[in-house]
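Listed below are the residues making up each chain.
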Amino acid sequence: DVKVTQSSRYLVKRTGEKVFLECVQDMDHENMFWYRQDPGLGLRLIYFSYDVKMKEKGDIPEGYSVSREKKERFSLILESASTNQTSMYLCASSTPTTNEKLFFGSGTQLSVL
Amino acid sequence: DQQVKQNSPSLSVQEGRISILNCDYTNSMFDYFLWYKKYPAEGPTFLISISSIKDKNEDGRFTVFLNKSAKHLSLHIVPSQPGDSAVYFCAALRLLGEYGNKLVFGAGTILRVKS
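Computed from a prediction, not measured in an experiment: that's the story for all the values here.

**Comments concerning the pairing of strand β3 (residues 19-25) of chain A**
All names here are of chain A. The side-chain alternation of β3 yields one buried face, formed by V19, L21, C23 and Q25, and one unburied face, formed by F20, E22 and V24. Pairing between strand β1 (residues 4-6) and β3: three bridges, direction antiparallel. Note that in β3 the partner of V4 across the bridge is Q25. Taken together, the six bridges between β3 and strand β8 (residues 73-78) define a ladder with antiparallel strand orientation. Note that in β8 the partner of V19 across the bridge is L78.

**Here's the deal with the layout of surface pockets**
Estimates place the volume of the largest pocket at around 370 Å³. Lining of the largest pocket is provided by 21 residues; of these, Q37(A), P39(A), V87(B), F89(B) and I110(B) occupy positions nearest its centre. The set of elements that each furnish at least two residues to the lining of the largest pocket consists of β4 (31-38) of chain A together with β9 (86-94) and β11 (109-114) of chain B. Of the residues forming the lining of the largest pocket, the biggest block, three residues, is contributed by β9(B).

**A closer look at the interface of chain A and chain B**
Between chain A and chain B, the contact holds 18 residues from the first and 21 residues from the second. Joining chain A to chain B, the criterion identifies zero salt bridges. Put simply, chain A and chain B have two residue pairs in polar contact (both at pLDDT 80 or more) between them. Only β4 and β5 (42-49) of chain A provide two or more residues apiece to the side of chain A that touches chain B. Per-element tally for the side of chain A that touches chain B: the top contributor is β5(A), with three residues. When grouped by side-chain class, the residues that make up the side of chain A that touches chain B number eight nonpolar, six polar and four charged.

**A few points about the sheet that holds strand β3 (residues 19-25) of chain B**
Strand-to-strand pairing in sheets goes through backbone hydrogen bonds, with the strands running parallel or antiparallel. All names here are of chain B. Reading across from one edge, β1-β3-β8-β7-β6 is the order of the five strands in this open sheet, with antiparallel pairing throughout. Taken across any chain shown, the strands that pair with only one partner, and hence form the sheet edges, are β1 (4-5) and β6 (56-59). Where β1 lies against β3, two bridges are found, and the strand directions are antiparallel. Across the sheet, residue V4 finds its bridge partner in β3, namely Y25.

**Focus on the environment of P96(A)**
Residues and elements named next belong to chain A. Within the fold, P96 resides in the loop between β9 (87-94) and β10 (103-104). Placed 83 residues apart in sequence, P96 and K13 show a C-alpha to C-alpha distance of 35 Å. Setting aside its immediate chain neighbours within four residues, P96 contacts E30 and N31.

**Examining the pattern of salt bridges**
Residue and element names in this part refer to chain A. Tallied over the entire structure, the rule returns six salt bridges over all chains. Linking D38 and R36 is a salt bridge whose minimum nitrogen-to-oxygen distance equals 2.8 Å. Accessibility assignment for this pair places D38 and R36 in one class, buried. For D38, the salt bridge goes to R44, with nearest N and O atoms at 2.9 Å. Through salt bridges with shared partners, a single network forms among R36, D38 and R44.

What counts as what
Residues numbered from 1 in each chain as written. Chains lettered and ligands numbered in written order. Predicted model: local features only at pLDDT ≥ 70, side-chain atom pairs only at ≥ 80, totals over all residues. Heavy atoms only, no water. Buried < 20%, exposed > 50% of the residue type's maximum accessible area, 1.4 Å probe, protein only. Helix = DSSP H or I, 4+ residues; strand = E, 2+ residues; numbered from the N terminus. Pairing = 2+ DSSP bridges. 1 Å grid on protein atoms, 1.4 Å probe; cavity = no way out; pocket = protein on both sides within 12 Å on 5 of 7 lines; lining within 4 Å. Points joined across faces, edges and corners; volume = space filled by probe spheres on them. Contact = heavy atoms within 4.5 Å. Salt bridge = Lys/Arg side-chain N within 4 Å of Asp/Glu carboxyl O. Polar contact = N/O pair within 3.5 Å; in protein donor to acceptor, adjacent residues only side chain to side chain. Nonpolar A, V, L, I, M, F, W, Y, C, P; charged D, E, K, R; others polar.

Now the structure itself:
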């Protein structure tokens, strides 16, 4: 079974802090994604990566950056956390041949105070 | 600009009956439509998909119907079970090439199956 592991289940940070959210997958998937889930808005794509050191902006990249130095690890960085970045963050991975089937981690609930 | 809309925030169904979850989309260029299920404290899991060239796909108790002229799809669960209680996300996929495929999610519908 594919396992996508997010390093923290809950995080509480202060406004202005730099925040790192880590994600690791164990199935050698090429594609990795970061989404945020907000009530009434569903899942919105922040960034994705289709290969090591490659990244593409999603629909809401503002205020975020990403890093993919190794195939199995995809990090989301909040350069200066703000209260409107309080959300559930979900990491996912997939292969190019089964693009529709994303495998998600359990999520990180981030609260920015 | 919500390209995928789930207009019902919640649905309550009796165990053993049919659950019908609905989804509308605005972009005719989508190649696949998908349903994901999410339990509390877990990530969404893939449930079933349908190609845009099909009008029905069935997998056990789950059937997805696609009406392209109406830009509408629905997920039927028959019979519904208490374990089906979860949030269901409709999603639409556009294949843009080897890189950059775009998957757009709806807001989700909370399904409660009462025993």
